[in-house]
Amino acid sequence: MIIKNFIVFEGIDGAGTTTQLKKLKEKFSEEELVITAEPSSKETGLFLRRLLKGEFSADPKTAAFLFAADRCEHIWGKDGISELTSRGKIVVSDRYIFSSLAYQGVNAGHELPEMLNSPFPLPEILFYFKINPEVSLKRVESRGGKLEIYEKLDFQKQTADNFDRVIGEYDGTPKGSGMKVITIDAEKRPEEIHQIILKEIESLKK
């Protein structure tokens, strides 16, 4: 199943998705385009953000269940993605099922994240921000502040490998039928990337 007018940004930490979301906020009003993220802003997502900050620990398999639960609210809960797109809104989410398959796949194995995320619909467009983990982590470190639990080089390298595998399973295959996958060189200038994204969004608005 595909959710029309639903766009997802994916990539490891520091790939530049946040920069592009800021550019979209400057370009479009909330009436034209809704920007969201995972973990979500719902109670489930706020709980997960505490986990990511290292305020408490959880078994990797528990984390996989928690991310899936938050995604369920994000998609089907009140004012969720399904409801917004049904009203004709274009919704852009920073992270979705592909992040769970890549990140949780490192420590929880591939099978559990795949099972938990199999019921969720696909976006109409997926932008995959591909970047060298060493470059992306330097970007993260340059922000200052405490790093989150996944923001370690070895983990990011494994996650990047998982992203390549996962995206490959969907791109141009029956599994990803109906979803357009656009791989972006995330080391390009932000304005170049912004123009690529704008072109696809404008095509949805026609």
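See the structure shown above.
All figures in this text were calculated on a predicted structure; none of them were measured in a lab. Along each chain, residues carry numbers from 1 onward, in the same order as the chain's sequence is written. Reporting in this predicted model follows two pLDDT cut-offs: at least 70 for local features of residues, and 80 or more for side-chain atom pairs to be given and counted; totals over whole chains, interfaces and linings ignore these cut-offs and use all residues. Computation of side-chain values covers all heavy atoms of the structure but excludes hydrogens and water.

Trainee: Give me the sheet that holds strand β4 (residues 122-130): which residues, what numbers.
Mentor: Here, any two strands with at least 2 DSSP bridges between them count as paired. What counts as a helix is a DSSP run of H or I of at least four residues, what counts as a strand is a run of E of at least two, and both are numbered from the N terminus. Taken together, 5 strands build an open sheet; the order of strands is β2-β3-β1-β4-β5 and the sheet is parallel. The open sheet terminates on both sides in strands that have one partner only, identified here as β2 (33-37) and β5 (180-185). Going from strand to strand, the sheet's axes swing by 20° on average, the running direction of each strand aside. Between N-to-C directions, angles span 0 to 180 degrees; the directions come from axes that are lines fitted to C-alpha atoms, helices contributing only their stretch in contact.

Trainee: Account for the pairing of β4, with residues named and values stated.
Mentor: β4 sits mainly inside the fold: 8 of its 9 residues count as buried. Pairing of strand β1 (residues 2-10) with β4, which is carried by 6 bridges, proceeds in the parallel orientation. Each bridged residue has a counterpart across the sheet, and for V8 the counterpart in β4 is L126. As defined by bridge partners, β4 adjoins β5 across 6 bridges and the pair is classed as parallel. Looking across to β5, one finds that F129 is bridged to I184. Burial here depends on accessible area, computed with a 1.4 Å probe over protein chains only, as a share of the maximum for the residue type. Under 20% is buried, over 50% is exposed, and the range in between is partly exposed.

Trainee: Explain the environment of N5 residue by residue, including any values.
Mentor: With respect to the helices and strands, N5 occurs in strand β1. N5 sits 86 residues away from V91 along the chain, and the two C-alpha atoms are 6.3 Å apart. Only heavy atoms matter for contacts: two residues are in contact if any of them lie within 4.5 Å across the pair. Discounting chain neighbours no more than four positions away, the residues touching N5 are T85, G88, K89, I90, V91, E124 and L204.

Trainee: Tell me what's going on with helix α3 (residues 60-76), and back it up with residues and numbers.
Mentor: Expected helix span is computed as 1.5 Å times (number of residues minus one). Spanning 17 residues, α3 covers 24 Å between terminal C-alpha atoms, matching the ideal 24 Å at 1.5 Å per step. Those residues of α3 not exposed but buried are A63, A64, F67, A68, D70, R71, H74 and I75. The arc that holds the buried residues of α3, viewed along the axis, is 165°, so those residues lie on one side. Within this analysis, the arc is defined by the directions that extend from the helix axis to the C-beta atoms.

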